[in-house]
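Letter by letter, the chains look like this.
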Amino acid sequence: MHIGIIYFIVIILANTVGAISGMGGGVIIKPVLDTLHFHPLAAISFYSSVAVFTMSIVSTLRQMKNGLKLQLPIAFFVSLGSVIGGILGNTVFESLLRFFSDEKYVQLIQIILTIVTLLFAYFYTKIGNDRSFDLSHPIWYVSIGLFLGFISTLLGIGGGPINVALLMLCFGIPIKEATVYSIITIFFSQAAKLFTIAQSTGFGRFDLTILFYVIPAAVIGGFVGALISGKISSERVTQIYQVVILLVLLLNLWNGVQLFV
């Protein structure tokens, strides 16, 4: 029971920040649960996905209530790509778990790739967020969605900071709008991942009682985060985004070192 309570607290805090910044919470949840090490890697990835999937539903509904208007072609085609990417990402993740005899090597791959995406996101929002490619063809929307869906499910982080930074860079949209597209991408990629698990290995290998803590915490975090996001400026969202990136970067470095201590 104490494990469920710890997960409940972690997920509320992570999803609140994730909904504000568009990161989705998983980029915080995954490394924190890795550090706690209460469950194996596949289970942690699953709980993180359920948390950010639930948060994405609540946050998107709340953001739409806040009155933020979306460009439907971007939302539709990015979502389409993220579904395909979500399926591919989970397939590669499961293949890596089978390939390596020790799951710590899969975790190390996740940590390295997460650090790379964190650095990209931080430096783009810090020094280059006035630059963009202004891409507008549907094939680009699908391609970016596919990449984001793939990398988020492979890393088990749901969304991550790269979503927001890449959406801003490729499509030239402001950060607050990018956070909403990011959350929508998270919804479809994680839905695809959970569907893939259901159709392949099933959920029997996971302790599903933990979901009684994960899902309510995700709902609360998504609601509170979206509520706060609607009341603060884009500049404040950027500051929160950058601080979280630095904290998560340090946490991932710590987890990487601990694998071989």
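Per an unreviewed UniProt entry, the recorded name for the protein chain is Probable membrane transporter protein, and the organism is Enterococcus haemoperoxidus ATCC BAA-382. The Sequence similarities (unreviewed entry) comment attached to the protein chain in UniProt states, word for word, "Belongs to the 4-toluene sulfonate uptake permease (TSUP) (TC 2.A.102) family."

**Student:** What should I look at first to understand the overall build of the protein chain in this one?
**Tutor:** Scanning the protein chain from N- to C-terminus turns up ten helices and zero strands. Moving toward the C terminus, one meets the helices and strands of the protein chain in the order α-α-α-α-α-α-α-α-α-α. Computed over its C-alpha atoms, the radius of gyration of the protein chain comes to 17 Å, within 12% of the 18 Å expected for a compact globule of 261 residues. With the principal axes as the frame, the protein chain shows a C-alpha extent of 45 × 35 × 35 Å. When burial is assessed residue by residue, the protein chain has 55% of its 261 residues classed as buried.

**Student:** I would appreciate a short explanation of the packing of aromatic side chains in the present structure.
**Tutor:** Applying the stated criterion across every chain, the model contains 13 aromatic pairs. Each residue in the set Y7, F38, F46, Y47, F203 and F206 is aromatic and connected to the rest through ring pairs, giving one cluster.

**Student:** Explain the pattern of salt bridges here, please?
**Tutor:** Close approach of charged atoms lets side chains of opposite charge pair. In the structure shown here, the tally under the stated rule is two salt bridges. Between D34 and K30 there is a salt bridge whose closest N-O contact spans 2.6 Å. Of this pair, D34 and K30 both sit in helix 2 (residues 26–36), four residues apart, which is roughly one turn of that helix. Take K30: its relative accessible area is 4%, and that puts it in the buried class.

**Student:** Is there a simple way to explain the side chain of N252 in this structure?
**Tutor:** Looking at where N252 falls in the secondary structure, it is placed in helix 10 (residues 234–258). When residues no more than four places from it in sequence are discounted, the contact partners of N252 are P31, I111, T114, I115 and L118.

**Student:** Can you help me understand a nonpolar patch on the surface in this one?
**Tutor:** There is a patch of nonpolar side chains on the surface, built from F76, L80, I84 and L88 and spanning about 360 Å² of accessible area. Mapped onto the elements, F76 comes out in helix 4 (residues 72–99). Judged by relative accessible area, F76 falls into the exposed class, the value being 51%.

**Student:** Help me out: how do you make sense of the packing of helix 1 (residues 2–21) against helix 9 (residues 211–229) in this one?
**Tutor:** Axes are the key here: two packed helices are described by the angle between their axes and the distance separating the axes. Between helix 1 and helix 9, the shortest axis-to-axis distance is 7 Å and the interhelical angle comes to 25°. For the element pair helix 1 / helix 9, the angle class is roughly parallel. The hand of the helix 1/helix 9 crossing is right-handed. Looking at the contact of helix 1 with helix 9, its residues break down into 15 nonpolar, seven polar and no charged.

**Student:** What am I meant to see in unusual backbone geometry here?
**Tutor:** Note on backbone geometry: most residues besides glycine have negative phi, and most peptide bonds are trans. The backbone phi angle of H37 is positive, close to 55°, even though this residue is not glycine. Mapped onto the elements, H37 comes out in the loop between helix 2 and helix 3 (41–65). Positioned with a positive phi, D134 is a non-glycine residue whose angle comes to about 55°. On the secondary structure map, D134 appears in the loop between helix 5 (103–127) and helix 6 (138–155).

**Student:** How should helix 5 be read in this particular structure?
**Tutor:** Across its 25 residues, helix 5 extends 36 Å between first and last C-alpha, which sits within 8% of the 36 Å expected from 1.5 Å per residue. For helix 5, the full list of buried residues reads V106, Q107, Q110, I111, T114, I115, T117, L118, A121, Y122, Y124 and T125.

**Student:** Could you clarify how one ought to interpret the UniProt feature "transmembrane region" (unreviewed entry) in the protein chain in this entry?
**Tutor:** In the UniProt entry, the feature "transmembrane region" (unreviewed entry) is given for residues 6–29, 41–61, 73–93, 105–124, 144–171, 210–228 and 240–260. Taken end to end, residues 41–61 is 100% helix and 0% strand, and its first and last C-alpha atoms sit 31 Å apart. Across residues 210–228 one finds 95% helix and 0% strand; the C-alpha atoms that close the span lie 27 Å apart.

Reading the values: rules and limits
- Residues numbered from 1 in each chain as written.
- Predicted model: local features only at pLDDT ≥ 70, side-chain atom pairs only at ≥ 80, totals over all residues.
- Heavy atoms only, no water.
- UniProt positions renumbered as here; feature names shortened; annotations may be inferred.
- Helix = DSSP H or I, 4+ residues; strand = E, 2+ residues; numbered from the N terminus.
- Rg over C-alpha atoms; globule rule 2.2 N^0.38 Å.
- Buried < 20%, exposed > 50% of the residue type's maximum accessible area, 1.4 Å probe, protein only.
- Phe/Tyr/Trp six-rings, centres within 6.5 Å; stacked < 30°, edge-to-face > 60°.
- Salt bridge = Lys/Arg side-chain N within 4 Å of Asp/Glu carboxyl O.
- Contact = heavy atoms within 4.5 Å.
- Patch = residues over 30% accessible without salt bridge, like charges linked within 9 Å, V, L, I, M, F, W, Y side chains within 5 Å.
- Areas by Shrake-Rupley, 256 points an atom, 1.4 Å probe, with all protein chains shown as cover.
- Axes fitted to C-alpha atoms, helices over the stretch in contact; angles between N-to-C directions.
- Parallel < 35°, antiparallel > 145°, perpendicular 65-115°, else oblique.
- Left-handed = near helix turned anticlockwise from the far one by under 90°.
- Nonpolar A, V, L, I, M, F, W, Y, C, P; charged D, E, K, R; others polar.
- Expected span 1.5 Å × (residues − 1).

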